[in-house]
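Each chain, letter by letter, is given below.
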Amino acid sequence: MEPVKIKVLYVDDEPNNLISFRANFREFFEVYTAESAEEGRKVLNNTEIHILITYQRMPVQNGVQFLESIIKEKPQIIRIILTGYADLETVVEAINKGQIYKYIMKPFDFDDLKSTIENAYDLYVFRKSGDDALLKFRQLFEKQNEAVFIMDSAYNIQELNNFGLNLFKVQRNELNKIYLADFFNKDEDWDKINKLLANNQSIADFPVQLTDSKKSIIETLLSVIAISENGNLIGYQGMIRDITQQKEMENLIPLMN
């Protein structure tokens, strides 16, 4: 498989600068150029750009404003700003608003900028792989036929898949107000679970009666594992299996004999 060629967009209102940039870097990268933020946005809408380099001092919309305007739509793109003078205020603004990877002074050193672009692409790949992994996780999260939840270390529910929302008859915007104990029908069951979690023990298929927001009883099996980072507890991930129908069938069997 051939290595991916890094796609770089350079935006500058000086045509000679664009010609020079393309001549210097087209051997190493797939280079795109634009004379304004508006033209640059058109390129971004039609091409998957990895690295965006823009000159600060442009008419209509300057470099910082341009970078700031694309953050929400193109968060993965690595942003670099070129400035022709040591303007500390511009640099600070670029970092805070444009969330830049690096700022470079004009005239730039060819080898230095080439190295910066290559290093920036490594960051792009890392971000992209993280986003892809998160997307796959969310797809699996929603495909489960059990209620899957994530909660913080204080047992506040942070995430609940659609199956869980339907099972407990709650809305997604209500999650920040829901505590795991709110689902428990019996205080003694919650006390047992709380003690197990407090001792950093995982829970597997613990039979427990839960209730939905209408106070209807749900027979379940509860599983919970701790999530740690650098040895510190940051929350829990869990699964709730609805076995109400199974319990109802078990209760009918003695009556049928």
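Nothing here was measured: the structure is a model prediction, and the numbers come from that model.

J.: For this particular structure, what's the right way to read the nonpolar core?
T.: As a rule of thumb, nonpolar side chains are buried together in soluble globular proteins. Formed by 36 residues in total, the largest nonpolar core has its most connected members in Ile-51, Leu-52 and Ile-53. Sorting the residues of this core by element identifies strand 1 (7-11), helix 1 (15-25), strand 2 (30-34), helix 2 (37-46), strand 3 (51-55), helix 3 (63-70), strand 4 (78-83) and helix 5 (110-143) as the ones contributing at least two each. No other element matches helix 5, which puts five residues into this core. Those residues in contact with Leu-52 that lie beyond four places of it in its chain are Leu-9, Val-11, Leu-44, Phe-66, Leu-67, Ile-70, Ile-77, Ile-78, Arg-79 and Ile-80. Of all hydrophobic cores here, the second largest spans 28 residues; its members include Phe-149, Phe-206, Ile-218 and Leu-222.

J.: Got a minute to help me understand the environment of Phe-206 in this structure?
T.: Counting through the fold element by element, Phe-206 comes out in strand 8 (residues 203-211). For the pair Phe-206 and Leu-221, spaced 15 residues apart in sequence, the C-alpha to C-alpha distance is 5.1 Å. In this structure Phe-206 touches Lys-192, Ile-193, Thr-220, Leu-221 and Leu-222, once residues within four positions along its chain are discounted.

J.: What's the story with helix 7 (residues 187-198) in this structure? I'm lost.
T.: Helical geometry: 3.6 residues make up each α-helical turn, so side chains three or four residues apart lie on a common side. Look at helix 7: 16 Å from first C-alpha to last across twelve residues, which is about the 16 Å you get at 1.5 Å a residue. Remark: Asn-200 follows helix 7 within two positions and exhibits a positive phi of approximately 60 degrees.

J.: Explain the environment of Leu-197 here, please?
T.: Inspection of the secondary structure assignment puts Leu-197 in helix 7. For Leu-197, a relative accessible area of 1% translates into the label buried. Separated by 28 residues in sequence, Leu-197 and Ile-225 place their C-alpha atoms 8.5 Å apart. Beyond its immediate stretch of four places on either side in the chain, Leu-197 contacts Met-151, Tyr-155, Ile-203, Val-224 and Tyr-236.

Rules used throughout
- Residues numbered from 1 in each chain as written.
- Predicted model: local features only at pLDDT ≥ 70, side-chain atom pairs only at ≥ 80, totals over all residues.
- Heavy atoms only, no water.
- Core = buried A, V, L, I, M, F, W, Y, C linked by side-chain atoms within 4.5 Å.
- Buried < 20%, exposed > 50% of the residue type's maximum accessible area, 1.4 Å probe, protein only.
- Helix = DSSP H or I, 4+ residues; strand = E, 2+ residues; numbered from the N terminus.
- Contact = heavy atoms within 4.5 Å.
- Expected span 1.5 Å × (residues − 1).

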